[in-house]
Amino acid sequence: MIVMIHSHVMFNFPLLRCAVPIFFTISSYLFFKKIKNVSNQTAHEIYMKFLKRALKLYLFWFIILIPYMIITKLMIGNLTKFIELLPINVFLRSTFPASWYISAYIIGISIMYKFRHNNLSLLIISIIFYIICCGVSNYGKLVFNIPVVEHFFSYENTTLLSYIKNIYLSFPVGLIFIWFGKFLVYRHIDSKKYKYIGYIGAIIGLILLFIENNLIISKGWRIVNDCYISMVLLAPSIFLTVLTFPKTVMWDSIILRKMSTIYYCSHIPLITLQLYIYKILHINISTLLLCICTLILCTIVALLFISLAKKSIFRALRFSY
């Protein structure tokens, strides 16, 4: 779904937007499931292991993609600004392509872990942040026409205001879904008796999503196609439905996890490279074909990294996943 979005295949199809919320929910669920029935000391050790792995993942791809970042920023003439804002972008936006998600789930899970016993407060804060994310993306033209909001953003376009306008690409957007992942663990909502709740929630969520999307389009409220209010119901319901499936152990599940991580971190540079080559060669390529070629290239890169990582000289490639 992520590759389809960035390849502009069915870019405005709202269902594709459930991919990132589901990823947040899965990441949260898997983390909190590990620390649920352990001592505080063990939980802390598990958290530190998670943090180190995530930071190594971020650092690996940051280093690998330094040439890409320099070249692309030079081409649009904002390398100096990019370097100046780099310390802030590590936490609140992207450095390398799509890195905001890695930052967001590190910060989001850290917040939920640190304050995991303040469940209601975390829920309220998460809802408020997600409403803001919806307000500056799919409901942007509605929100920015409110006199108070319009007056606030009428000031000089400072860096702070820019980050607020793009808050849907930062950790606040993931908090509500990370909260749901934690909630599913601690409420034991993973058995068959909840199967129909997941199904019903997913069906209602889908209906509400398409109604919401049509309303946004008809009213002309959209600035950016990103956050939907109905996604708060749809994404956790889809994940809950998956949890009720029979528990089977796939021998290649670890390989699939590794590959999906490499897919995510490499697909945008590969798309950019293809578009540059096609432009030089004067080749017009459809978005669908671009998506297929990107998936093929990502697969090659993923299999190559995983294979080479088994050799001692290339052990650092393990940090790519």
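A. Layout of the environment of Leu184. Looking at where Leu184 falls in the secondary structure, it is placed in helix H11 (residues 175-186). Note: C-alpha distance between Leu184 and Thr25 (159 residues apart in sequence) is 9.3 Å.

B. Spatial organisation of the environment of Val185. Inspection of the secondary structure assignment puts Val185 in helix H11. In this structure, the C-alpha to C-alpha distance between Val185 and Phe32, residues 153 residues apart in sequence, is 6.6 Å. Beyond its immediate stretch of four places on either side in the chain, Val185 contacts Tyr29, Phe32, Lys33 and Lys36.

C. Structural view of the packing of aromatic side chains. Tallying each qualifying case throughout the model produces 23 aromatic pairs. Relative to Phe239, the ring of Tyr29 lies with its centre 5.2 Å away and its plane at 75°, an arrangement referred to as edge-to-face. Of this pair, Tyr29 sits in helix H2 (residues 19-35) while Phe239 is found in helix H13 (residues 231-243), placing the two residues 210 residues apart along the sequence. The exposure class assigned to Tyr29 is buried, which follows from its relative accessible area of 6%. Given a relative accessible area of 7%, Phe239 falls into the buried group.

D. Seen up close, the nonpolar core. Counting residues in hydrophobic clusters, the biggest one holds 82 residues, and the most contacted among them are Phe24, Trp61, Tyr105 and Met231. Excluding its chain neighbours within four sequence positions, the residues that come into contact with Met231 are Pro14, Arg17, Cys18, Pro21, Tyr130, Phe177, Leu209 and Pro236.

E. Spatial organisation of a positive patch on the surface. Judged by side-chain charge, Lys34, Lys49, Arg53 and Arg257 come together as a positively charged surface patch. Inspection of the secondary structure assignment puts Arg257 in helix H14 (residues 253-280). Looking at Arg257, the relative accessible area reads 36%, which means it is partly exposed.

F. A look at the pattern of salt bridges. Tallied over the full model, the rule gives one salt bridge. A salt bridge links Arg17 to Asp226; its shortest N-O distance comes to 4.0 Å. Of the two residues, Arg17 sits in the loop between helix H1 (2-6) and H2 while Asp226 sits in the loop between helix H12 (195-219) and H13, which places them 209 residues apart along the sequence. Since its relative accessible area comes to 12%, Arg17 is described here as buried. Residue classification places Asp226 among the buried positions, given a relative accessible area of 18%.

G. Looking closely at the packing of H2 against helix H6 (residues 99-114). The contact between H2 and H6 brings their axes to 11 Å, and the two run at 40°. On the basis of their axis angle, the class for H2 and H6 is oblique. Two packed elements cross with a definite hand, and for H2 against H6 that hand is right-handed. Between H2, through Val20, Phe23, Phe24, Ser27, Ser28, Phe31, Phe32 and Ile35, and H6, the contact on the second element is made entirely by Trp100, Tyr101, Ala104, Tyr105, Ile109, Met112 and Tyr113.

What counts, and at which threshold
- Counting from 1, residues in each chain are numbered in the order their sequence is written.
- Where totals are concerned, whole chains, interfaces and linings use all residues; where local detail is concerned, this predicted model gives features only for residues with pLDDT of at least 70, and gives and counts side-chain atom pairs only at 80 or more.
- Excluding hydrogens and water, the side-chain values take into account all heavy atoms of the structure.
- Counting from the N terminus, the helices are DSSP H or I runs at least four residues long and the strands are E runs at least two residues long.
- In this analysis, two residues are considered to be in contact whenever any of their non-hydrogen atoms come within 4.5 Å of each other.
- Aromatic pairing here means that ring centres of Phe, Tyr or Trp (its six-membered ring) are within 6.5 Å. Orientation follows from the plane angle: under 30 degrees is stacked, over 60 is edge-to-face, and everything else is tilted.
- Buried residues are those whose accessible area, probed at 1.4 Å on protein chains only, stays under 20% of the maximum for their type, while exposed residues exceed 50% and partly exposed ones sit between those limits.
- We call a set of buried residues a nonpolar core when its members are Ala, Val, Leu, Ile, Met, Phe, Trp, Tyr or Cys and they connect through side-chain atoms within 4.5 Å of each other.
- For patch building, the residue pool is restricted to those with more than 30% relative accessible area and no salt bridge; the joining distance is 9 Å between like charges and 5 Å between nonpolar side chains (Val, Leu, Ile, Met, Phe, Trp, Tyr).
- What sets the accessible areas is the Shrake-Rupley method with a 1.4 Å probe; for residues, cover comes only from the shown protein chains.
- By definition here, a salt bridge exists when the distance from a side-chain nitrogen of Lys or Arg to a carboxyl oxygen of Asp or Glu is within 4 Å.
- Only four residue types enter the charge count: Lys and Arg as positive, Asp and Glu as negative, with His and the chain ends excluded.
- Here the site of a charge means atom NZ of a Lys, CZ of an Arg, CG of an Asp or CD of a Glu.
- Fitted lines through C-alpha atoms give the axes, limited to the stretch in contact for helices. The angle between two N-to-C directions lies from 0 to 180 degrees.
- Roughly parallel here means an angle under 35 degrees, roughly antiparallel means over 145, roughly perpendicular means 65 to 115, and every remaining angle is called oblique.
- Each crossing gets its handedness from the near helix: less than a right angle anticlockwise from the far helix is left-handed, clockwise is right-handed.

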